[in-house]
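# Structural description and commentary
Residue strings, one per chain:
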Amino acid sequence: MRWLTAGYIDHYICENCHGIHLSELQGQDGVLESRLFVEHEDAILTTEIEVRPTALLALVADLGRLNMDYPSLKVFVDIVDDNLPRLIVADYLHTQAGMDQPQFLWIVQQTMMATQQLLLEITELGFLMQDDEPQKTPSAVH
């Protein structure tokens with residue numbers, strides 16, 4: 001958390017999970033949660049984006065291209081029975097061999113920029129759940 005603060009990346013810890021929420025990404029339209037989980041040997045950055053159910057087929061068909069266009073990210077769809085479909089965007093960091101602050105900040109910043117570009121692209125493609133569409137209240141999965 002000190003490294004995030006030193007890199008001017010707004011963040012907070014919620015009461016429901018042990019993840020560090022990234023405020024900049026979480027404030028974007030369509031983003032339900034954006035978190036960093038730090039473990040002993042690794043760290044994972046995940047962002048959950050709510051997608052339109054009617055766009056699900058086209059989105060799944062486009063996943064291969066999206067994963068190729070954003071090689072540092074792992075992009076996949078998560079469908080839970082009671083919630084709207086979500087696009088999960090993740091980046092995995094191996095930290096067992098060690099990592100210093102400049103490396104960490106560079107990776108987090110690059111992941112955040114790539115996620116924002118991906119979010120912009122899926123918005124332009126019409127995959128993102130828009131505010132004017134009827135929707136169930138999203139619930140965070142912790």
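Residues numbered from 1 in each chain as written. Predicted model: local features only at pLDDT ≥ 70, side-chain atom pairs only at ≥ 80, totals over all residues. Heavy atoms only, no water.

## Looking at the overall build of the protein
Scanning the protein from terminus to terminus reveals four helices and six strands. Each helix and strand of the protein, ordered N terminal to C terminal, gives the series α-β-β-α-β-β-α-β-β-α. Radius of gyration (C-alpha) of the protein: 15 Å, near the 14 Å computed for a compact globule of 142 residues. Over its C-alpha atoms, taken along the principal directions, the protein stretches across nearly 45 × 35 × 25 Å. Classification of the 142 residues of the protein by burial places 42% in the buried group. When contacts within the protein are restricted to residue pairs at least 6 apart in sequence, those whose partners lie at least 24 apart make up 56%. On the protein, roughly 8200 Å² of surface is accessible, and the fraction owed to carbon and sulfur atoms is 54%. Each charge class in the protein was averaged separately, 7 positive and 22 negative side chains, and the resulting centres sit 3 Å apart. (Helix = DSSP H or I, 4+ residues; strand = E, 2+ residues; numbered from the N terminus. Rg over C-alpha atoms; globule rule 2.2 N^0.38 Å. Buried < 20%, exposed > 50% of the residue type's maximum accessible area, 1.4 Å probe, protein only. Contact = heavy atoms within 4.5 Å. Areas by Shrake-Rupley, 256 points an atom, 1.4 Å probe, with all protein chains shown as cover. Lys, Arg positive; Asp, Glu negative; His and termini not counted. Charge placed at Lys NZ, Arg CZ, Asp CG, Glu CD.)

## Considering unusual backbone geometry
Here the phi dihedral of Tyr8 falls at roughly 55°; this positive angle occurs in a residue that is not glycine. Within the secondary structure layout, Tyr8 lies in the loop between helix H1 (2–6) and strand S1 (11–13).

## So, the sheet that holds strand S4 (residues 42–50)
With respect to topology, six strands assemble into an open sheet ordered S1-S2-S3-S4-S6-S5, the strand pairing being antiparallel. The open sheet has two edge strands, S1 and strand S5 (74–78), and neither has a second partner. Strand after strand, the sheet turns through a mean of 25° between neighbouring axes, direction not considered. With two bridges joining them, strand S2 (residues 20–22) and strand S3 (residues 31–38) adopt antiparallel strand pairing. Looking at the pairing, His21 lines up with Arg35 of S3. Helix-sheet contacts for helix H3 (residues 56–69) involve S5 and strand S6 (86–94), and the interaxial angle to S5 is about 165°. (Pairing = 2+ DSSP bridges. Axes fitted to C-alpha atoms, helices over the stretch in contact; angles between N-to-C directions.)

## Here's the deal with the nonpolar core
Core analysis: the largest hydrophobic core is formed by 18 residues, its most contacted members being Ile49, Leu73, Leu87, Leu118 and Ile122. The set of elements that each furnish at least two residues to this core consists of H3, S6 and helix H4 (101–124). At four residues, the largest contribution of residues to this core is made by H4. Other than its neighbours up to four places away in sequence, Ile49 contacts Gly30, Val31, Pro85, Arg86, Leu87, Val89, Leu119, Ile122 and Leu128. (Core = buried A, V, L, I, M, F, W, Y, C linked by side-chain atoms within 4.5 Å.)

## Let's talk about the pairing of S4
Within S4, seven of the nine residues are buried, which leaves the element mostly enclosed by the surrounding structure. Across seven bridges, S3 lies against S4 in antiparallel orientation. Bridging across to S4, Glu33 finds its partner in Glu48. Across nine bridges, the pairing between S4 and S6 is antiparallel.

## Some points on the packing of aromatic side chains
Tallying each qualifying case throughout the model produces one aromatic pair. Between Trp3 and Phe104 the ring centres are 5.5 Å apart and the planes differ by 55°, which places this aromatic pair in the tilted class. Placement of Trp3 in helix H1 and of Phe104 in helix H4 is noted, with a sequence separation of 101 residues between them. Given a relative accessible area of 10%, Phe104 falls into the buried group. (Phe/Tyr/Trp six-rings, centres within 6.5 Å; stacked < 30°, edge-to-face > 60°.)

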